[in-house]
2 protein chains.
Amino acid sequence: MKQLLIAAHGSRRESSNDEVRALVAQVADNLGVAFDGVEVAFLELATPSVESVLSELFKGQTKEVVLLPYFLSAGIHVVKDIPEEIDKALSLWPDKKITVLPHIGAFDVMASVIAKACQH
Amino acid sequence: MKQLLIAAHGSRRESSNDEVRALVAQVADNLGVAFDGVEVAFLELATPSVESVLSELFKGQTKEVVLLPYFLSAGIHVVKDIPEEIDKALSLWPDKKITVLPHIGAFDVMASVIAKACQH
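Presented here is a report on the structure given in the accompanying data block. A quick note: this is a predicted structure, and the numbers were derived from the prediction, not measured.

**Description of unusual backbone geometry**
Residues and elements named next belong to chain A. Pro48 follows Thr47 through a cis peptide bond whose omega is 0°. Its location among the elements puts Pro48 in the loop between strand S2 (37–42) and helix H2 (50–59). The backbone of Leu45 shows a phi angle near 70°, a positive value even though the residue is not glycine. Mapping Leu45 onto the fold places it in the loop between S2 and H2.

Have a look at this one:
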């Protein structure tokens, strides 16, 4: 089984975390058969943590996780914290696979999405 | 004249700020005639500041600024810091106009953009 994991920063404002959770639910509705499910995790200030979600998934039927860093630029969380979480999980579950996507600010479509939205 | 201002968080990693600047340049390439130009500003840790960009624009020919909060969720920067910057600018330039767009995490297209990108 293959899961998508959207890893966000997390906020002290619970409404901000709920906004991310709601977006992840929408992504789930838009996702085709490539994934068996979508989970959300937070790097700090909110739960569940990346570590706990990876642990739950790998204790179950999940063989592969595709991790999307829900970040706009490659700051310290993207270049250091997420790779560290992945290394930690793979040391515990060496027979599992984690693939990391570009952070969403690096998506090719972002500039045209922004330009289009600003003109409405 | 009407300008788009993309307001980002700012990072200690200058490469991360450059990434935002590069995206803004791409947005400029994609933007139609609705705007006379696009600027970038940072809330903290990087320059130029929102205050200095608004000041430069309003000292010139700009009558209206459309501000896009380049944030994924409505945290404290979106709900408090950006409105405060706007109030400050409008108290100095009462004959100018600033319109705020939703932060990009609230764009309707975001869920489908993510779902599509994750399946590639």
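**A short note on the sheet that holds strand S1 (residues 2–8) of chain B**
All names here are of chain B. Overall, parallel pairing links the four strands, which are arranged S2-S1-S3-S4 in an open sheet. Each of the sheet's edge strands pairs with one partner strand only, and the pair in question is strand S2 (37–42) and strand S4 (97–100). Pairwise comparison of adjacent strand axes, ignoring direction, gives a mean angle of 25° for this sheet. Inspection of the sheet shows S1 paired to S2 by six bridges, in the parallel sense.

**Some points on the relation of the copies chain B and chain A**
Each copy of the sequence occupies a distinct position, and chain B is placed on chain A by a rotation of 180° and an axial shift of 0.0 Å, giving an RMSD of 0.0 Å. Taken together, the rotation and translation relating the two chain copies correspond to the operation of a two-fold axis. Among all residues of chain B, the one whose C-alpha sits closest to the rotation axis is Leu72 of chain B, at a distance of 3.7 Å. Mapped onto chain A, 100% of the interface residues of chain B again fall at the interface, so both copies present the same surface.

Each value, and the rule that gives it
Residues numbered from 1 in each chain as written. Chains lettered and ligands numbered in written order. Predicted model: local features only at pLDDT ≥ 70, side-chain atom pairs only at ≥ 80, totals over all residues. Helix = DSSP H or I, 4+ residues; strand = E, 2+ residues; numbered from the N terminus. Pairing = 2+ DSSP bridges. Axes fitted to C-alpha atoms, helices over the stretch in contact; angles between N-to-C directions. Least-squares fit on C-alpha atoms with pLDDT ≥ 70 in both. Contact = placed C-beta atoms within 7 Å.

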